[in-house]
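So the chains spell out like this:
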Amino acid sequence: MRYHEFKNGDRMPALGLGTWKAAPGEVGQAIEEAVRIGYRHFDCASIYGNEAEIGDTLQRLFKEGTVERDDLWITSKLWCNRHERGDVELAIEETLGHLQCEYLDLYLVHWPVALKHEVKSVSSGEDFLSLDEVPLSETWSAMEDVCERGLTRHIGVSNYSASKIAAHADARIFPEVNQVEMHPYLSQQGLVDYGSENGVFTTAYSPLGSKDRPEGMRSGDDPVLLEDETIRKIAERLGATPAQVLLAWALGRGTSAIPKSVNPGRMAENFAAASLELDAAAMGEINALDRARRYVTGTFWELPGSGYTVEELWS
Ligand code: A2P
């Protein structure tokens, strides 16, 4: 397994298990199976609505002595309706309560979008707060506070552009991780390079193309990444599966990846990709597939009157 080493020596396994779309009732068993397979990095978020079940499973595994808390890397994320200064600490405490852990390894601002306190999912422009009302710098300063209090060991962001990260130049703690959608159809090399040059480690979400993404995030002409002909041929050449090639590409270019699965066979298949190395020719062929194609477009933030636009979001 490759690791990303932070400045203080902490190490995050490059391959983790994603839990977005892992349904309550399934996710606990998936976590248990994943630990058995060897996964030690779990990517969670309050908005996924499944942290309490993950916490129950982890607690049981700790009690049984299957794994120790210190051997795991646990990430969670601050939802958009908790961006105001006074809300951040309460939000991480709630997540820690659900996960039944005393600390997180990494806490991320989930989106650079602020919602009213009582709004979880948006239905109108009225649901939003502007970034003038709740600046990202206010949210970040509260993130620094919870980090300094030891509630999380590291802090970062998600779905941020390079310019939004760069705006934290005067922060006490510069964002340590940016988690974004990333796969061969959306390779975002510029963002990865910005991260390497500025000490921001990049984690790829939807590394397999999230074919189980919600209906509202689909359109008729979406290409299916796992069925890509180039990927399929490279997989055949290497005696691997398309998913393994996608993950080996992500790890080979120095990012981490958090494929989601709740299926034991596919979880094991994905985990084995951590030992698969692609040669320069295969990496080059895959790099050439980039078409700046997002599956998670962010258009759901563009409701009339919200003040948020996709153009501004990714700029
Ligand atoms: P499942 O959970 O039934 O295994 P992403 O990580 O890009 O969001 O993709 C997750 C989707 O990919 C889910 O539908 C998941 O289904 C599926 N998936 C995960 N691993 C594999 C694999 N090795 N082969 C094919 N599909 C996979």
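Procedures and definitions
Residues numbered from 1 in each chain as written. Predicted model: local features only at pLDDT ≥ 70, side-chain atom pairs only at ≥ 80, totals over all residues. Heavy atoms only, no water. 1 Å grid on protein atoms, 1.4 Å probe; cavity = no way out; pocket = protein on both sides within 12 Å on 5 of 7 lines; lining within 4 Å. Points joined across faces, edges and corners; volume = space filled by probe spheres on them. Helix = DSSP H or I, 4+ residues; strand = E, 2+ residues; numbered from the N terminus. Nonpolar A, V, L, I, M, F, W, Y, C, P; charged D, E, K, R; others polar. Axes fitted to C-alpha atoms, helices over the stretch in contact; angles between N-to-C directions. Parallel < 35°, antiparallel > 145°, perpendicular 65-115°, else oblique. Contact = heavy atoms within 4.5 Å. Near = heavy atom within 4 Å. Polar contact = N/O pair within 3.5 Å; in protein donor to acceptor, adjacent residues only side chain to side chain. Areas by Shrake-Rupley, 256 points an atom, 1.4 Å probe, with all protein chains shown as cover. Sits in = over half its atoms within 2 Å of the grid points.

We now examine the layout of surface pockets. Its volume calculated, the largest pocket comes out at about 850 Å³. Lining the largest pocket are 41 residues, and of these W20, K21, S206, S210 and D212 lie nearest its centre. Every element with two or more residues in the lining of the largest pocket is listed here: α8 (242-252) and α9 (264-272). When residues of the lining of the largest pocket are assigned to their parent elements, the largest contribution, three residues, is made by α9. Considering only residue class, the lining of the largest pocket consists of 19 nonpolar, 13 polar and nine charged.

So, about the packing of α8 against helix α10 (residues 280-287). Packing of α8 against α10 brings their axes to within 11 Å, and their N-to-C directions diverge by 100°. When the axis of α8 is compared with that of α10, the two are roughly perpendicular. Mapping the contact onto sequence places V245, W249 and G252 in α8 and M283, I286 and N287 in α10. Classifying every residue of the contact of α8 with α10 gives four nonpolar, two polar and no charged.

A few words on the site of the ligand. Near the ligand there are 18 residues, and of these S210, K260, S261, R266 and N270 occur at the shortest range. Side-chain polar atom of S210 to an oxygen atom of the ligand: 2.5 Å apart, as the coordinates give it. In this structure, E269 approaches the ligand through a side-chain N or O atom, which is 3.0 Å from a nitrogen atom. Against a free-state accessible area of 570 Å², the protein chains account for coverage of 89% of the ligand. When each cavity is represented as a set of grid points, the ligand is found to reside in the largest pocket. Considering each element in turn, the shell around the ligand owes the most residues, three residues, to α9. Considering only residue class, the shell around the ligand consists of six nonpolar, six polar and six charged.

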